[in-house]
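Next come the chains, spelled out residue by residue.
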Amino acid sequence: MVNYRRKIVKIILNKTELNSKSKIRAKLEQFLPSFKNVSRYYNEDEIFSLILSAIRINEANIINIEKIKSRIYYYIDIEKIKNWIETKLVPNTIQIDVDDKELLNLLIFSLAMPYKMLKGETRATMSEKTRRGKGRDFEQIFSDTFVGKIGEVVFKQFAKQNFGKDIILDWKISREIGSFKSDIVGSKKIVSIKSTDTLESIWAEAPTNADYGILIKVSLPKDFFMKILAHISSLEKLLNFVKEKIQKDITSDGTMDLVNFIKETAYSEKMIIKAFTCGFFKTFDSTLKHQGVKLTYLGGEFEIYEEKHIVTCEGLKYLYQEWNNFFNDIFS
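In what follows, the accompanying structure is described. None of the values given here were measured: they were computed from a predicted structure.

On a plain count of helices and strands, the protein comes out with 11 helices and 13 strands. Taking all 332 residues of the protein together, 44% fall into the buried category. Within the protein, residue pairs in contact and separated by at least 24 positions form 64% of the contacts whose partners lie at least 6 positions apart. Counting only carbon and sulfur atoms, one obtains 50% of the accessible surface of the protein, whose full area is about 18100 Å².

With that out of the way, let us pick up the environment of Gly 148. With respect to the element layout, Gly 148 can be found in helix 7 (residues 138-163). Among the residues examined, Gly 148 registers a relative accessible area of 33% and is labelled partly exposed. The residues contacting Gly 148, other than those within four sequence positions of it, are Ile 193 and Ser 195.

This paragraph deals with the pattern of salt bridges. This model, assessed by the stated rule, comprises 12 salt bridges. Across the pair Glu 17 and Lys 27 runs a salt bridge, and its minimum N-O distance is 3.6 Å. Of the two residues, Glu 17 is situated in helix 1 (residues 15-18) and Lys 27 in helix 2 (residues 21-28); the sequence distance between them amounts to 10 residues. The exposure classification of Glu 17 matches that of Lys 27, with both residues buried. Residue Glu 301 pairs with Lys 294 through a salt bridge whose shortest N-O separation is 3.7 Å.

What follows covers the sheet that holds strand 8 (residues 212-219). Paired through backbone hydrogen bonds, the strands of a sheet run either parallel or antiparallel to each other. The 4 strands lie next to each other as 5-9-8-6, forming an open sheet whose pairing is mixed. With one partner strand each, in any of the chains shown, strand 5 (93-97) and strand 6 (191-196) form the two edges of the open sheet. Sheet twist, expressed as the average angle between the axes of neighbouring strands with direction ignored, equals 30°. Relative to strand 9 (residues 272-282), helix 11 (residues 320-331) is tilted by about 75°, and along the sheet it contacts strand 6, strand 8 and strand 9.

In terms of nonpolar packing, the biggest core is built from 46 residues, with Phe 35, Ile 47, Ile 51, Ile 55 and Ile 85 touching the most fellow members. In terms of residue count, helix 4 (residues 44-56) provides more of this core than any other element does, 7 residues in total. The contacts of Ile 47, once residues within four sequence positions are left out, are Leu 32, Phe 35, Lys 36, Ser 39, Tyr 42, Ile 85 and Leu 89.

Moving on: the sheet that holds strand 10 (residues 288-289). Sheet architecture is open: 3 strands sit in the order 7-13-10, paired in antiparallel fashion. Both outer strands of the open sheet, strand 7 (203-206) and strand 10, are each paired with one neighbouring strand and no more.

Basis of the calculations
- Every chain begins its residue count from 1, and numbering advances along the sequence as written.
- The predicted origin of the model limits local features to residues at a pLDDT of at least 70 and limits the giving and counting of side-chain atom pairs to 80 or more, whereas totals for whole chains, interfaces and linings rest on all residues.
- Computation of side-chain values covers all heavy atoms of the structure but excludes hydrogens and water.
- We count a stretch as a helix when DSSP gives it H or I for four or more residues in a row; a strand needs E for two or more, and each element gets its number in order from the N terminus.
- For the exposure calls, accessible area comes from a 1.4 Å probe over protein chains only, and a residue counts as buried if that area is under 20% of its type's maximum, exposed if over 50%, partly exposed in between.
- Contacts are residue-level and defined by heavy atoms, with any inter-residue pair within 4.5 Å sufficient.
- Here, Shrake-Rupley sampling with a 1.4 Å probe gives the accessible areas, and only protein chains in the shown set may cover a residue.
- What counts as a salt bridge is simple: a side-chain nitrogen of Lys or Arg found within 4 Å of a carboxyl oxygen of Asp or Glu.
- Two strands form a pair only when DSSP identifies at least two bridges running between them.
- Here the axes come from fitting lines to C-alpha atoms, over the contacting stretch only for helices, and the angles between their N-to-C directions go from 0 to 180 degrees.
- To define a nonpolar core, start from buried Ala, Val, Leu, Ile, Met, Phe, Trp, Tyr and Cys residues and group those joined through side-chain atoms within 4.5 Å.

This is how it looks when you write it as structure tokens:
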């Protein structure tokens, strides 16, 4: 049901609907094209995921909660969503393309990490820091490393573009596993930069010894490695090599079709990474959560699986002066 009061459009959800991602999507479907246009960077699926995270923690007070008799209703204010997009999401979103030098550093770092593990040149193991003891293969380690550190590349550009700060990143792979060191080289405080490709995530995290935590949400193509190869023409060289070897083999017609399909798909759109710097938080005793603790949000709860500092995105600082204070603190 859509409620029009004082020309303010509000979407009404009950508790059951609030707990369902698909039901929230259905309620907001007619507004997604408008949200996408306001956001400038994101497609409809991406902007929905970002809005869903804001709904789940009632960011910017976009939800008004009312209890009528024994039932609770949640009113989502469409104009407040648009305002959140315009004032927080858009100003803190940047784009990175494949020519970015730090992105290329990350690519090499991510390719080297599993090799370093296999050769025993780092104490990190193939199953380190995985849940339920599940091992990871080469490709998974590469992907996890890339996604985990892409936030550092994003933040370097964010700091330079918006504040004129030159951030130095560490691309060395240490043999030892010590306590966490700052993701920003030369900072006088321990800063943790976390990135996630789950746009609907609502949690910002930092290790137990960190002074600050920063959260970056990244819209990364699922075939990002293939798109990088396509951009530098390595993919085309591979496909041409295959075509040259099999083009005279009449039994390989199906393979030729697949070669053409891969080429058309990989080159269909340019490799662009869109990233939202959600903000930062300073760690305190109150932000430290212990294993097994359950944190609630609108529509569910989240169990802590390891001790760490954690806050919701609503608790992050993101205003210009707040960032200036942050940089003064870590570099002064």
